[in-house]
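What the coordinates show
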Amino acid sequence: RLPLSPGAKLHATLGVTQILCLTSICSIADVWRTPLTGRQYYGHIGPSIFIAAIGVAALTTEWPWRRRCAFEGRLSATAAVVYVVGETLEATVSKGGRVASFYVKHGLHAWMALVIGLCGAMLLLIARLDAHVGLRLKAVPHLWYATAWTWFIYNHKQPNEYGVNMHWAATAWVLVGGFLRLRGSPAAPVAPSSSIDAPHPSPLAAAAADKHHGASALSRGDDLRGRAAASECVKESGCAYILAAYTFFGGQMGLTLWADHNKANVGSYVLAWHAIPIVAILAYVRIFCVPGASGTDPRHAPGSSTAAGASPGDLEGGTGFERSRLLGGGEKAG
């Protein structure tokens with residue numbers, strides 16, 4: 001049996017805690033009172049875990065772009081296969097084998113899962129491309145997903161205004177996440193793949209190389225700041241996807257019918273389902289992403305008063321985030 005790292009144990013603990021809390025809320029609302037509302041719990045917890053997993057990985061890791069594409073691709077493809085196979089088996093049993101007819105008339109969820117699977121296949125392909133192409137295409141599957149999700153929600157009927165508001169809140173956050181991934185993709189010519197895939201030099205080393213070759217230190221500083229901004233856009237998208245996961249889960253029929261029965265204020269219900277994931281995000285940031293001195297911050301530029309006293313850990317990486325002291329203190333996340 002492979003031993004789990006401290007970080008993996010914390011991720012597992014946080015994940016299980018969140019699932020138990022959400023299940024407790026559903027128990028209070030008695031979402032299993034009918035077969036339909038009970039089935040909706042499973043139809044929402046699965047996709048929510050999928051969306052949240054992508055968000056948590058984006059927020060808490062410093063993976064190279066190829067590794068992130070590979071992770072998101074495998075996760076998307078696996079989630080799509082599990083959902084489509086499961087719904088096909090259900091259709092075979094409940095519809096007497098008329099699977100084709102079922103998908104034509106009622107297969108909205110399965111077709112959305114198929115799109116997710118195709119986005120995963122694209123991500124897996126992008127992970128193997130040359131950096132000149134891969135860096136520009138890595139945001140495309142997120143845009144496909146966000147657009148398809150919007151049409152999915154637009155055509156998804158809801159029993160009340162609580163469900164409508166919650167599903168559109170989730171859609172808004174999915175769109176924000178896709179936009180942030182696009183914003184983090186390079187728009188200018190990039191260096192050869194060998195230099196992109198290699199670890200980035202620290203600003204001090206980069207400045208020394210600039211002086212040796214007579215290049216402009218200001219130009220290199222702009223490039224490093226651009227790399228840091230791209231990394232931070234990934235983290236910001238992670239927060240958006242976590243919010244999308246929770247608001248989607250809160251839009252299930254059993255919960256919205258319970259809110260309607262208790263005459264809850266619609267706006268309050270929606271905001272409550274924003275407050276819960278923000279607490280989760282605070283926990284992840286506190287544990288995995290304590291603020292660190294960014295090597296791309298102008299205040300830490302070579303020759304400045306702060307750069308002279310900065311530690312190597314402060315100047316390497318250029319992301320502005322380091323692993324929390326709870327995981328060993330100052331160790332690079334990844």
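Residues numbered from 1 in each chain as written. Predicted model: local features only at pLDDT ≥ 70, side-chain atom pairs only at ≥ 80, totals over all residues. Heavy atoms only, no water.

A word on the environment of Leu 257
Selection criterion: Secondary structure elements follow DSSP: runs of H or I of four or more residues count as helices, runs of E of two or more count as strands, with numbering from the N terminus. Relative accessibility decides the category of a residue: with a 1.4 Å probe and only protein chains considered, values under 20% of the type maximum give buried, values over 50% give exposed, and everything between is partly exposed. Contacts were defined at the residue level, with two residues in contact if any of their heavy atoms lie within 4.5 Å.
Within the secondary structure, Leu 257 sits in helix α12 (residues 253–261). Here Leu 257 falls in the partly exposed class, since its relative accessible area comes to 29%. C-alpha separation for the pair Leu 257 and Tyr 162, spaced 95 residues apart in sequence, amounts to 8.2 Å. Setting aside its immediate chain neighbours within four residues, Leu 257 contacts Arg 33, Thr 37, Pro 159 and Asn 160.

Some remarks on the confidence of the model for the protein chain
Put simply, the rule reads: The quantity known as pLDDT measures the predictor's confidence residue by residue, on a range of 0 to 100.
Mean pLDDT for the protein chain: 79, with 68% of residues reaching 70 or above. Scored below 50 in pLDDT, residues 212–226 shows 12 contacts in the model against residues more than four places distant or in partner chains.

Describing the side chain of Asn 160
Note the threshold: Here a polar contact is recorded for every N or O atom pair within 3.5 Å, except that within protein the pair must consist of a potential hydrogen donor and a potential acceptor, and residues adjacent in sequence are included only if both atoms are side-chain atoms.
Relative to the helices and strands, Asn 160 is located in the loop between α7 (140–154) and α8 (161–183). At a separation of 2.9 Å, a polar atom in the side chain of Asn 160 contacts the main-chain amide nitrogen of Gly 163. A polar contact of 3.4 Å, which involves the side chain of Asn 160, links it to the backbone oxygen of Thr 256.

Section: unusual backbone geometry
A positive phi is found at Asp 30, a non-glycine position, where the angle reads about 55°. Structurally, the position occupied by Asp 30 is in the loop between α1 (6–28) and α2 (35–60). Judged by its relative accessible area of 39%, Asp 30 is partly exposed. Its identity is not glycine, yet Lys 263 carries a phi of approximately 55°, on the positive side. For Lys 263, the position within the fold is in the loop between α12 and α13 (266–288). Its relative accessible area of 69% is what places Lys 263 among the exposed residues.

Quick notes on a nonpolar patch on the surface
Cut-off, in case you're wondering: What makes a patch is a set of residues exposed beyond 30% relative accessible area and free of salt bridges, joined within 9 Å when like-charged and within 5 Å when nonpolar (Val, Leu, Ile, Met, Phe, Trp, Tyr). Accessible areas in this description were obtained via Shrake-Rupley with a 1.4 Å probe; residue shielding takes into account the shown protein chains only. The salt bridge criterion pairs a side-chain nitrogen of Lys or Arg with a carboxyl oxygen of Asp or Glu, the two atoms within 4 Å.
A contiguous nonpolar surface patch, about 470 Å² in accessible area, is contributed by Trp 151, Tyr 154, Val 164 and Trp 168. At the level of elements, α7 and α8 are the ones that each hand at least two residues to the nonpolar patch. Turning to its location among the elements, Trp 151 is positioned in helix α7. In this structure Trp 151 comes out as exposed when scored by relative accessible area, which is 54%.

Concerning the packing of aromatic side chains
Stated precisely, the cut-off is as follows: Stacked, edge-to-face and tilted are the three classes for Phe, Tyr and Trp ring pairs, Trp counted by its six-membered ring, which pair at centre distances within 6.5 Å; planes under 30 degrees apart are stacked, over 60 edge-to-face, the rest tilted.
Evaluated as defined, the whole model comprises 12 aromatic pairs. Ring centres of Tyr 145 and Trp 149 lie 5.9 Å apart, and the angle between their planes is 50°; this geometry places the pair in the tilted category. With Tyr 145 and Trp 149 both in helix α7, this residue pair falls four residues apart, about one helical turn. Assessed through its relative accessible area of 4%, Trp 149 is described here as buried. Where Trp 149 meets Phe 248, the ring centres are 5.2 Å apart and the plane angle is 65°; that geometry is what we call edge-to-face. Placement of the pair is Trp 149 in helix α7 and Phe 248 in helix α11 (residues 217–249), with a sequence separation of 99 residues. For the residue pair Trp 149 and Phe 248, the accessibility class agrees, reading buried in each case.

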